[in-house]
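# Coordinate analysis (summary)
Residues per chain, in single letters:
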Amino acid sequence: MQHRSFGLAALTTEMVKSGDRILDLGPLSSGTTQAFLSLNCQCHIEDLVEYLADNQHGGDPLQALEDHLIPKPANLKFDVILCWDLLNFLELDVIQHLIRLLQPHLKQGTILHTMRYTGRNQPHKPRRFRLLENFCFEYVDDPSYPEVPSKGHSTVTLLKCMDRFSLFNSLMKREGMDQNVTEHFLEYDSIASRNQVRSGGASDVSAYFRQVRDDERMEFAGIRKALESLPAGATVLDCGRKNGRNIDALKKKVGALYVEDLHASLAWRKKMHGERSGFSESMFSFDPGTRLDGVFLWDLLNFCSPEQIEALGELLAGRMVPGGQLHFLVYKSSQQPQRPAMFEVLEDERVAVTGNSESRSDRTLGSTADLMRLLPGYRLFSHHLGRLPSGDSVQEFVLQLKA
């Protein structure tokens with residue numbers, strides 16, 4: 001089986017610079033170390049697979065971990081830590097102790113990369129990763145690796161025991177990735193808002209593997225007008241689906257970009273609190289004092305109830321500057337896709353539309369007049385008609401927040 005690691009590609013192509021110090025907690029055999037050495041990085045190997053093999057039945061795993069780790073100079077600070085899939089096979093108290101032992105060698109901004117297994121069929125031992133090309137890895141069943149069942153740690157559980165690390169970015173279900181693997185970037189002592197997009201982030205690397213087809217590139221007149229009328233250094237919120245998108249082009253066109261997958265957040269709230277759950281302030285993870293010049297909702301409103309649209313409009317109005325722009329698309333026909341598509345603003349201000357759902361459901365939004373009544377704090381700035389690669393006709397709206 002193979003897995004294309006967008007995370008490791010992001011590290012080597014966008015995030016790591018010459019002279020950075022890398023701590024690899026896996027074995028040397030993966031082949032990745034050479035990629036960092038070619039960037040003139042300083043690499044250190046710890047090999048926790050060996051620790052697992054030697055201490056499966058030991059009496060004190062915490063002391064064994066201390067004995068296993070190589071002493072390091074007091075002034076050594078790591079820029080990147082590679083965990084591979086190893087955190088899946090360590091008990092939470094061992095992970096906590098590992099972070100505590102490494103803490104003297106962490107600094108603000110240290111990035112930790114890990115792969116978390118999801119789904120029911122989890123491995124019964126760590127996988128040996130063998131680099132093929134373009135950061136595509138082959139899983140090799142190594143008989144020398146210890147039989148240690150995956151613990152099934154959730155992201156939240158992991159973060160609770162990893163003191164001062166916060167989630168920087170996640171990558172999943174992209175072309176070539178193992179569908180049961182989620183890659184996480186964690187950042188030590190982060191001072192930036194969690195969902196602010198920074199240049200050199202993992203999302204930039206999607207273009208490293210994938211080229212947008214010509215038939216996926218769409219002209220959206222409303223997007224062009226919205227981008228043209230944004231002030232210099234604008235602060236923008238993109239509420240589209242995160243998975244598999246490249247937001248680098250949009251980041252270059254604005255001052256500060258935040259990304260919040262509101263459809264995923266809404267689905268989670270429905271799962272936890274029932275169908276009548278709606279939007280709330282807790283869905284926004286950036287500073288409440290941040291004022292938005294523009295918001296891109298894409299096709300989100302088509303999957304919301306009237307009550308949810310009204311609540312979202314009020315929440316965004318409280319975060320936007322007067323005259324701030326709200327962009328969204330509305331399906332025109334009686335049928336619509338069952339889930340949102342993915343929208344990527346390209347360098348030439350066209351938009352790549354991918355991830356279209358073939359399954360259909362009844363359209364729930366009412367007329368334009370009904371929609372505007374649900375958003376009384378906004379006035380119409382621009383309105384256009386268009387068609388998506390799926391063949392669906394859409395109306396494109398740009399509203400402005402009233403003063």
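The rules behind these values
- Residues numbered from 1 in each chain as written.
- Predicted model: local features only at pLDDT ≥ 70, side-chain atom pairs only at ≥ 80, totals over all residues.
- Heavy atoms only, no water.
- Salt bridge = Lys/Arg side-chain N within 4 Å of Asp/Glu carboxyl O.
- Helix = DSSP H or I, 4+ residues; strand = E, 2+ residues; numbered from the N terminus.
- Buried < 20%, exposed > 50% of the residue type's maximum accessible area, 1.4 Å probe, protein only.
- Core = buried A, V, L, I, M, F, W, Y, C linked by side-chain atoms within 4.5 Å.
- Contact = heavy atoms within 4.5 Å.
- Polar contact = N/O pair within 3.5 Å; in protein donor to acceptor, adjacent residues only side chain to side chain.
- Axes fitted to C-alpha atoms, helices over the stretch in contact; angles between N-to-C directions.
- Left-handed = near helix turned anticlockwise from the far one by under 90°.
- Nonpolar A, V, L, I, M, F, W, Y, C, P; charged D, E, K, R; others polar.
- Pairing = 2+ DSSP bridges.
- Right-handed = clockwise from strand over helix to strand, strands pointing away.
- Arc of directions from axis to C-beta.

## A short note on the pattern of salt bridges
The tally for this structure, following the rule as stated, stands at 20 salt bridges. Asp-142 serves as the salt-bridge partner of Arg-128, at 3.0 Å between the closest nitrogen and oxygen. Of this pair, Arg-128 sits in strand 6 (residues 128-133) while Asp-142 sits in the loop between strand 7 (136-140) and helix 6 (155-161), placing them 14 residues apart in sequence. For Asp-142, a relative accessible area of 15% gives the class buried. For Arg-217, the salt bridge goes to Asp-214, with nearest N and O atoms at 3.8 Å. By relative accessible area, which is 25% here, Arg-217 ends up partly exposed. Shared partners join several salt bridges into a network, and the residues in it are Lys-125, Asp-141 and Glu-147.

## Here we look at the nonpolar core
Soluble, globular proteins show a tendency: their nonpolar side chains are buried together. In terms of nonpolar packing, the biggest core is built from 58 residues, with Leu-11, Leu-48, Ile-81 and Met-162 touching the most fellow members. It is helix 1 (residues 6-15) that provides the largest number of residues to this core, a total of 6 residues. What Met-162 contacts, discounting residues up to four positions off in sequence, is Leu-87, Ile-95, Ile-99, Leu-112 and Leu-186. Listed in part, the 32 residues of the second largest apolar core include Ala-256, Met-283, Leu-315 and Met-320.

## Considerations on the side chain of Thr-155
Position of Thr-155 among the secondary structure elements: in helix 6. Within the structure, Thr-155 has its side chain in polar contact with the side chain of Arg-116 (distance 3.1 Å). Beyond its immediate stretch of four places on either side in the chain, Thr-155 contacts Arg-116 and His-184.

## Focus: the side chain of Asp-178
Checked against the element boundaries, Asp-178 lands in the loop between strand 8 (165-172) and strand 9 (181-188). Among the residues examined, Asp-178 registers a relative accessible area of 3% and is labelled buried. A polar contact of 2.9 Å, which involves the side chain of Asp-178, links it to the backbone nitrogen of Asn-180. Among all residues touching Asp-178, those that are not within four sequence positions of it are Met-1, Gln-2, His-3, Arg-127 and Tyr-139.

## Quick look at the environment of Phe-343
Its location among the elements puts Phe-343 in strand 17 (residues 342-345). Distance in space between the C-alpha atoms of Phe-343 and Ala-9 is 22 Å, their sequence separation being 334 residues.

## What to know about the environment of Ile-81
Residue placement: Ile-81 occurs in strand 4 (residues 80-82). A relative accessible area of 1% means that Ile-81 is categorised as buried. Taking the C-alpha atoms as reference points, Ile-81 and Ile-70, 11 residues apart in sequence, are found 15 Å from one another. Ignoring any residue separated from it by four or fewer positions in sequence, one finds Ile-81 in contact with Leu-23, Leu-25, Leu-102, Leu-106, Thr-110, Ile-111, Leu-112 and His-113.

## A look at the packing of helix 4 (residues 61-68) against helix 5 (residues 92-102)
Each pair of packed helices can be described by the angle between their axes along with the distance between the axes. Packing of helix 4 against helix 5 leaves a shortest axis separation of 10 Å and a crossing angle of 35°. Seen from above, helix 4 lies across helix 5 with right-handed handedness. Listed contacts from helix 5 to Pro-61, Leu-62, Leu-65 and Glu-66 of helix 4 are Asp-93, Val-94, His-97, Leu-98 and Leu-101. Here the residues of the contact of helix 4 with helix 5 sort into 6 nonpolar, 1 polar and 2 charged.

## Quick word on the pairing of strand 15 (residues 320-331)
Counting buried residues in strand 15 gives 9 out of 12 residues, a clear majority hidden from the surface. Across 5 bridges, strand 14 (residues 292-298) lies against strand 15 in parallel orientation. Bridge assignment links Val-295 to a residue of strand 15, and that residue is Leu-326. Regarding topology, helix 11 (residues 306-317) serves as the crossover connection from strand 14 to the parallel strand 15, and that connection is right-handed. Looking at chain direction, strand 15 and strand 21 (residues 393-401) are connected through 7 bridges and run antiparallel. Counted as the bridge partner of Val-330 is Gln-395 from strand 21.

## With respect to the sheet that holds strand 18 (residues 351-354)
Ordered in space as 11-18-17, the 3 strands form an open sheet in which the pairing is antiparallel. With partners counted over all chains shown, the strands left at the sheet margins are strand 11 (217-218) and strand 17, one partner each.

## Quick notes on helix 4
The complete set of buried residues in helix 4 reads Ala-64, Leu-65 and His-68. In an axial view of helix 4, the angular spread of the buried residues amounts to 105°, which keeps them on one side of the axis. Each element contacted by the buried residues of helix 4 is listed here: helix 3 (48-54) and helix 5.

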